[in-house]
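# Summary of structural features
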Amino acid sequence: KIRRRGPFLLLRTNGEERIVVNPADEGHFKFPGLGTRRPRTLVFVMHMEGGPRLWFLDNAKTAMAYLTSKNRLDEVPMLMTQGIDPFGKNFSPERFRRLLRKDQDSTLRTLLTDQTKISHIGPIYLDEILFDAGIHPAAKPADLADDDLDRLFDSVLNVLESACETIEERGQPIENCVRDFLKMHGRLGEPCRRCGGKIKTLKVEAEKAFYCSRCQP
């Protein structure tokens, strides 16, 4: 049995043990074919009772894996402090507004990538979300009206759901990491798909944000 908590995957064994995995950038599971040689990127192997083997591989060496028990999950760093899940039924416009209004002077970039608040949005998809909402990457909650935050809430769902659907429809191995459908991130100097202006970058909270100055004033 497998369940997800933010970026973590929790795998239940036949006993009390639990395997907790944070795939990070390029960690992924794979069922190898018969006779497939073990690659250098192999992290661990799970042997299914009466079934095939399941490999966990990590090309970037940034994934984390923990073998623990169901009573010691709180010892896994960041697992039990995850914030609200954008795909969860408790993620609502009202709760989203309250969450951001509690810290009016931090940038949206800081708040939306804080896993203890929202679990979880990375910097790549945050660029897409802010573009979709038409909000500047350095904006703060204090700069925005409730209508702006509601639009941002809709963009969080639209962008994440659309990305999941696109990746699933393509049917490519997840390790390919092809994200050519992104409209902002990694497209410095290219024309904006909405207005035709050049995509720029801006340093926000020590990170590079991709944005369109016309669409995100």
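In this report, the structure presented in the accompanying data block is examined. The structure presented is a predicted model; accordingly, all values stated were derived computationally and were not measured. (Residues numbered from 1 in each chain as written. Predicted model: local features only at pLDDT ≥ 70, side-chain atom pairs only at ≥ 80, totals over all residues. Heavy atoms only, no water.)

## Concerning a negative patch on the surface
Stated formally: Each patch is built from residues that are more than 30% exposed by relative accessible area and take part in no salt bridge. Like charges join if they lie within 9 Å; nonpolar side chains (Val, Leu, Ile, Met, Phe, Trp, Tyr) join within 5 Å. Shrake-Rupley sampling with a 1.4 Å probe provides the accessible areas, and residues are treated as covered by the protein chains on show and by no other component. Any Lys or Arg side-chain nitrogen found within 4 Å of a carboxyl oxygen on Asp or Glu counts as a salt bridge. Positive charges are assigned to Lys and Arg, negative charges to Asp and Glu, while His and the chain termini are left out of the count. A charge is said to be at NZ when it belongs to Lys, at CZ for Arg, at CG for Asp and at CD for Glu. Numbering of helices and strands runs from the N terminus, with a helix taken as a DSSP run of H or I at least four residues long and a strand as a DSSP run of E at least two residues long.
A surface patch of like charges, here negative, comprises Glu-161, Glu-165, Glu-168 and Glu-169. Structurally, the position occupied by Glu-165 is in helix H4 (residues 146-170).

## Some details on the packing of aromatic side chains
Put simply, the test is: Aromatic pairing here means that ring centres of Phe, Tyr or Trp (its six-membered ring) are within 6.5 Å. Orientation follows from the plane angle: under 30 degrees is stacked, over 60 is edge-to-face, and everything else is tilted. Whether a residue is buried, partly exposed or exposed follows from its accessible area with a 1.4 Å probe, protein chains only, as a fraction of its type maximum: under 20%, in between, or over 50%, in that order.
Scanning all chains against the criterion turns up six aromatic pairs. Centre to centre, the rings of Phe-29 and Phe-56 are 4.9 Å apart; their planes meet at 55°, and the pair counts as tilted. Of this pair, Phe-29 sits in strand S4 (residues 27-30) while Phe-56 sits in strand S6 (residues 53-58); the two residues are 27 residues apart in sequence, bridging distant segments of the chain. Under the relative-accessibility criterion, Phe-29 is labelled partly exposed at 24%. Its relative accessible area of 1% is what places Phe-56 among the buried residues.

## A few points about the pattern of salt bridges
Evaluated as defined, the whole model comprises eleven salt bridges. For Glu-16, the salt bridge goes to Lys-70, with nearest N and O atoms at 3.6 Å. Taken together, the residues Glu-16 in the loop between strand S2 (8-12) and strand S3 (17-22) and Lys-70 in the loop between strand S7 (64-69) and helix H1 (93-101) connect sequence positions 54 residues apart. On the accessibility criterion, Lys-70 (42% relative accessible area) is partly exposed. Linked by salt bridges that have partners in common, Arg-109, Asp-127 and Glu-207 make up one network.

## Some words on the sheet that holds S6
Heads up, the condition is: Two strands qualify as a pair provided DSSP detects at least 2 bridges between them. Here an angle of 0 to 180 degrees is reported between the N-to-C directions of two axes, which are lines fitted to C-alpha atoms, with helices fitted over the stretch in contact.
Taken in spatial order, the three strands of this open sheet run S4-S6-S5, and their pairing is antiparallel. Of all the strands in the sheet, just S4 and strand S5 (42-47) have a single pairing partner and so form its edges. Ignoring which end each strand starts from, the neighbouring axes of this sheet average 20° apart. Bridge count between S4 and S6: four bridges; the pairing is antiparallel. Within the sheet, the bridge partner assigned to Lys-30 lies in S6 and is Trp-55.

## Looking at the sheet that holds S7
With respect to topology, four strands assemble into an open sheet ordered S1-S2-S3-S7, the strand pairing being antiparallel. Each edge of the sheet is formed by a strand with only one pairing partner; in this case those strands are strand S1 (2-5) and S7. When the angles between neighbouring strand axes are averaged without regard to direction, this sheet yields 25°. Across four bridges, S1 lies against S2 in antiparallel orientation. Along S2, the bridge assignment pairs Arg-4 with Leu-9.

## As for unusual backbone geometry
Each neighbour pair has its own omega, and for Ser-119 with His-120 the value is -15°, a cis peptide bond. Examined against the element boundaries, His-120 turns out to sit in the loop between helix H2 (108-112) and helix H3 (123-133).

## Observations concerning the side chain of Asp-85
Just so we agree on the cut-off: Within 3.5 Å is the distance limit for a polar contact, defined as a pair of N or O atoms, with the added protein rule that one can donate a hydrogen and the other accept it, and that residues adjacent in sequence qualify only through two side-chain atoms. The contact criterion used throughout is that any non-hydrogen atoms of two residues lie within 4.5 Å.
Its location among the elements puts Asp-85 in the loop between S7 and H1. On the accessibility criterion, Asp-85 (19% relative accessible area) is buried. Within the local environment of Asp-85, its side chain forms a polar contact with the side chain of Arg-4, the two groups lying 2.7 Å apart. Of note is the side chain of Asp-85, whose polar atom sits 2.9 Å from the backbone nitrogen of Phe-87. Those residues within four positions of Asp-85 in sequence are excluded, and the remaining contacts are Arg-4, Gly-6, Phe-91 and Ser-119.

## Description of the nonpolar core
Put simply, the rule reads: Nonpolar cores are built from buried Ala, Val, Leu, Ile, Met, Phe, Trp, Tyr and Cys residues. Side-chain atoms within 4.5 Å join them into one set.
Phe-96, Leu-100, Leu-108, Leu-112, Ile-135 and Leu-152 are the most contacted members of the largest nonpolar core, which has 24 residues in total. Of all the secondary structure elements, the ones that give two or more residues to this core are H1, H2, H3 and H4. Element by element, the count of residues in this core is highest for H4, at seven residues. Setting aside its immediate chain neighbours within four residues, Leu-100 contacts Leu-108, Leu-111, Leu-112, Pro-141, Leu-149 and Leu-152. The next biggest cluster of nonpolar side chains, apart from the first, holds eight residues, and it includes Ile-19, Met-46, Leu-54 and Ala-63.

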